[in-house]
Amino acid sequence: KAGVTQTPRYLIKTRGQQVTLSCSPISGHRSVSWYQQTPGQGLQFLFEYFSETQRNKGNFPGRFSGRQFSNSRSEMNVSTLELGDSALYLCASSLVSQETEAFFGQGTRLTVV
Amino acid sequence: ILNVEQSPQSLHVQEGDSTNFTCSFPSSNFYALHWYRWETAKSPEALFVMTLNGDEKKKGRISATLNTKEGYSYLYIKGSQPEDSATYLCAFTGNTPLVFGKGTRLSVIA
């Protein structure tokens, strides 16, 4: 059974640009959550999608948005990139919700210069 | 703001030593407590999902206990091996998405 796949693995962008990250969950999983990790911080929750609907949202500015498609694949978009957006972005898929066991992808390392 | 604290922040042990870490979380509105192991350059891997007060779970040399009334969980590793070197994360959920601690970084020296 294929795991959670995130693309791209690495990305370098310039301040002011926008970026889209992709996450393909484990087949059959309907919940996809996104997290940001910056140096010295724990994983910070961005948002959770379930059956194409955003179910929960973390405390991030509106520049961070996401969506989920009918096949449960999810994308995350960050507009008007700032230097502080440089981070590892992880997505996790769960069968029903993130209160059950979550399976993580390897992440996308975003560097904003 | 929900706070999940893990201690110690980092730990160095000799191969064969047993060790344990602590995760503290809010004791109200508890739903589940997760433990993950995160090795460098890999994805976080779920170890345990615990939901009941007094729960004890075991996977090989790793075990965990849960006290929801006082808001803490312990993770134990018996006879540490170099391959146990990783960051161990705990995450709490009440009526909330998962809230992660900053992790305990374990280094096992051969």
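A short tour of the structure in this document, coming up. (Residues numbered from 1 in each chain as written. Chains lettered and ligands numbered in written order. Predicted model: local features only at pLDDT ≥ 70, side-chain atom pairs only at ≥ 80, totals over all residues. Heavy atoms only, no water.)

**Focus on the nonpolar core**
Thinking step 1. Counting 23 residues, the largest nonpolar core has B:Phe25, B:Leu33, B:Trp35, B:Phe48, B:Leu75, B:Tyr88 and B:Leu106 as its most contacted members.
Thinking step 2. For this core, the secondary structure elements donating two or more residues are β2 (10–14), β3 (19–24), β4 (32–38), β5 (45–50), β7 (62–67), β8 (72–77), β9 (86–93) and β11 (104–109) of chain B.
Thinking step 3. The element contributing the most residues to this core is β9(B), with four residues.
Thinking step 4. Among all residues touching B:Leu33, those that are not within four sequence positions of it are B:Cys23, B:Phe25, B:Phe48, B:Val49, B:Met50, B:Leu66, B:Ser73, B:Cys90, B:Ala91 and B:Phe92.
Thinking step 5. Residues A:Cys23, A:Ile26, A:Tyr49 and A:Tyr89 belong to the second largest nonpolar core, which totals 21 residues. (Core = buried A, V, L, I, M, F, W, Y, C linked by side-chain atoms within 4.5 Å. Buried < 20%, exposed > 50% of the residue type's maximum accessible area, 1.4 Å probe, protein only. Helix = DSSP H or I, 4+ residues; strand = E, 2+ residues; numbered from the N terminus. Contact = heavy atoms within 4.5 Å.)

**Quick notes on the interface of chain A and chain B**
In many reports, interface size means the accessible area that the parts give up when they come together.
Thinking step 1. Across the boundary between the two partners, chain A contributes 18 residues, which contact 19 residues of chain B.
Thinking step 2. Here chain A and chain B share an interface that buries about 1,400 Å² over both sides, 63% of which is from carbon and sulfur atoms.
Thinking step 3. Inspection of the chain A/chain B interface yields zero salt bridges.
Thinking step 4. The tally of links between chain A and chain B comes to five residue pairs in polar contact (both at pLDDT 80 or more).
Thinking step 5. Residue composition of the side of chain A that touches chain B, grouped by class: seven nonpolar, nine polar and two charged. (Buried area = accessible area lost by both parts, 1.4 Å probe. Salt bridge = Lys/Arg side-chain N within 4 Å of Asp/Glu carboxyl O. Polar contact = N/O pair within 3.5 Å; in protein donor to acceptor, adjacent residues only side chain to side chain. Nonpolar A, V, L, I, M, F, W, Y, C, P; charged D, E, K, R; others polar.)

**Considerations on the pattern of salt bridges**
Thinking step 1. On inspection of all chains with the given rule, the structure shows eight salt bridges over all chains.
Thinking step 2. Across the pair A:Arg55 and A:Glu48 runs a salt bridge whose closest N-O atoms are separated by 2.7 Å.
Thinking step 3. A relative accessible area of 37% places A:Arg55 in the partly exposed class.
Thinking step 4. Owing to a relative accessible area of 1%, A:Glu48 belongs among the buried residues under this scheme.
Thinking step 5. As a salt-bridge pair, B:Glu45 and B:Arg37 come within 3.5 Å of each other at their nearest N and O atoms.
Thinking step 6. Of the residues examined, B:Glu45 reaches a relative accessible area of 35% and is grouped as partly exposed.
Thinking step 7. Several salt bridges converge on common partners, so that one network encompasses A:Arg63, A:Glu82 and A:Asp85.

**Comments concerning the packing of aromatic side chains**
Thinking step 1. Counted by the stated rule, this structure contains 14 aromatic pairs over all chains.
Thinking step 2. Centroid distance B:Phe25 to B:Phe30: 5.4 Å. Interplanar angle 35°. Geometry classified as tilted.
Thinking step 3. Relative accessible area serves as the criterion here: at 6%, B:Phe25 is assigned to the buried category.
Thinking step 4. A centroid spacing of 6.1 Å and a plane angle of 70° characterise the contact between B:Tyr74 and B:Tyr76, whose relative ring orientation is edge-to-face.
Thinking step 5. By relative accessible area, B:Tyr74 is classed as partly exposed at 27%.
Thinking step 6. An aromatic cluster is present here, built from A:Tyr35, A:Phe45, A:Phe104, B:Tyr36 and B:Phe100 joined pairwise through their rings. (Phe/Tyr/Trp six-rings, centres within 6.5 Å; stacked < 30°, edge-to-face > 60°.)

**Remarks on the environment of A:Lys13**
All names here are of chain A.
Thinking step 1. Inspection of the secondary structure assignment puts Lys 13 in strand β2 (residues 10–13).
Thinking step 2. On the basis of relative accessible area, Lys 13 is assigned to the partly exposed category, the value being 22%.
Thinking step 3. Lys 13 sits 98 residues away from Thr 111 along the chain, and the two C-alpha atoms are 6.3 Å apart.
Thinking step 4. In this structure, Lys 13 is in contact with Gln 18, Val 19, Leu 81, Leu 110, Thr 111, Val 112 and Val 113, ignoring residues within four places of it in sequence.

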